[in-house]
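Summary of structural features
Listed below, chain by chain, are the residues.
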Amino acid sequence: MEIPGSAKSASRVVSVLFHPLIVPTLGCFVIFNSGFYIGLLPFKIMQAVYIVVFVLTFVLPALIIPALYLQKYISNIAISERRERILPLAIVAVMYSLSFYFMQRSGFPPILLHFIAGGIVSLVLALLVTLKWKISLHTIGIGGLTALVVYLTITYRLELYTYLMICIVIAGITGTARMIAGSHTPAQVYSGFGLGFLSMYISMSVF
């Protein structure tokens, strides 16, 4: 059955809105609004944290994609080819590691550092998988965000069931969008969510 053009257009919008690079910023929002103690920090400090996290984990990594495209390392901005994802993933993993070092030196709250560390682990595992097989980076991201919510709920007994439901809905919408766009198979979508969830949850529990 041919997929309508409107559905493909909607899938592209969803893919942009829930890009995996936005997950660290969304994670900060969840942590600050979860009832966890760092939500009591002054607004100006939280605002500064949002800005630093957004710039280091979204803006700067996002700039490498057009740069790689202009240098013809990738054939399209969406990086649809598996082999072309290897270099961007490696660069982003390094950038996230440097961001973690900067945040650690700047005295960021441990829970945020653990979340970023989990993101680095997810990136490294995604890179290793991508060497042999294409996996959904979008669902890895939302899987990690879902794991954060579950971790906070179980470990600190916070009532984050609304956030959990939102994450599940977003995961369903995003996974469906990636399949409609023809970017991934169901196996790649489900395995991406599983990898993102497990790597984040285990990382936060260990670190």
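Overview of the structure. Given the structure is predicted, the values throughout are model-derived calculations rather than measurements.

**Here we look at the overall build of the chain**
When helices and strands are counted, the chain shows 8 helices and 0 strands. Scaling as 2.2 N^0.38, a compact globule of 207 residues should have a C-alpha radius of gyration of about 17 Å, and the chain matches this with 17 Å. Its C-alpha atoms give the chain principal-axis dimensions of about 50 × 35 × 30 Å. In the chain, buried positions account for 45% of the 207 residues. Considering only contacts within the chain whose residues lie at least 6 apart along the sequence, 74% involve residues at least 24 apart. With 12 positive and 4 negative side-chain charges, the chain shows a spacing of 9 Å between the two charge centroids.

**What about the packing of aromatic side chains?**
Summed over all chains, the structure comprises 9 aromatic pairs. With 5.4 Å between their ring centres and 65 degrees between their planes, Phe32 and Tyr50 make a pair best called edge-to-face. One end of the pair, Phe32, is in helix 2 (residues 23-32); the other, Tyr50, is in helix 3 (residues 43-70), and 18 residues separate them in sequence. Taking the centre distance of 6.3 Å and the plane angle of 25 degrees together, the rings of Phe193 and Phe197 count as stacked. With a gap of 4 residues between them, Phe193 and Phe197 both fall in helix 8 (residues 186-206), about one helical turn apart. These aromatic residues form a ring-pair network of at least three members: Phe36, Tyr37, Tyr151, Tyr156, Phe193, Phe197 and Tyr201.

**Looking at helix 4 (residues 86-105)**
The end-to-end C-alpha distance of helix 4, which contains 20 residues, comes to 29 Å, matching closely the 28 Å that a straight helix rising 1.5 Å per residue would cover. All of the buried residues in helix 4 are Pro88, Leu89, Val92, Ala93, Met95, Tyr96, Ser99 and Met103. Among the structural elements, helix 2, helix 3, helix 5 (110-130) and helix 6 (137-156) are those in contact with the buried residues of helix 4. Phi for Gly107, located one or two positions after helix 4, is positive at around 80 degrees.

**Quick notes on the environment of Leu123**
When you line up the elements, Leu123 lands in helix 5. Given a relative accessible area of 14%, Leu123 falls into the buried group. A sequence separation of 17 residues divides Leu123 from Ile140, and the C-alpha atoms of the two residues are 8.8 Å apart. The contact partners of Leu123, leaving out residues within four places of it in the chain, are Leu89, Val92, Ala93 and Tyr96.

**Overview of the packing of helix 5 against helix 8**
At their nearest, the axes of helix 5 and helix 8 sit 8 Å apart, and the two run at 140 degrees to each other. In terms of their interaxial angle, helix 5 and helix 8 are classed as oblique. Between helix 5 and helix 8 the crossing geometry is right-handed. Across the interface between the two elements, Ile111, His114, Phe115, Gly118, Gly119, Val121, Ser122, Leu125 and Val129 from helix 5 touch Leu195, Gly196, Ser199, Met200, Ser203 and Met204 from helix 8. Of the residues that constitute the contact of helix 5 with helix 8, the class distribution is 8 nonpolar, 7 polar and no charged.

Criteria and thresholds
- Residues numbered from 1 in each chain as written.
- Predicted model: local features only at pLDDT ≥ 70, side-chain atom pairs only at ≥ 80, totals over all residues.
- Heavy atoms only, no water.
- Helix = DSSP H or I, 4+ residues; strand = E, 2+ residues; numbered from the N terminus.
- Rg over C-alpha atoms; globule rule 2.2 N^0.38 Å.
- Buried < 20%, exposed > 50% of the residue type's maximum accessible area, 1.4 Å probe, protein only.
- Contact = heavy atoms within 4.5 Å.
- Lys, Arg positive; Asp, Glu negative; His and termini not counted.
- Charge placed at Lys NZ, Arg CZ, Asp CG, Glu CD.
- Phe/Tyr/Trp six-rings, centres within 6.5 Å; stacked < 30°, edge-to-face > 60°.
- Expected span 1.5 Å × (residues − 1).
- Axes fitted to C-alpha atoms, helices over the stretch in contact; angles between N-to-C directions.
- Parallel < 35°, antiparallel > 145°, perpendicular 65-115°, else oblique.
- Left-handed = near helix turned anticlockwise from the far one by under 90°.
- Nonpolar A, V, L, I, M, F, W, Y, C, P; charged D, E, K, R; others polar.

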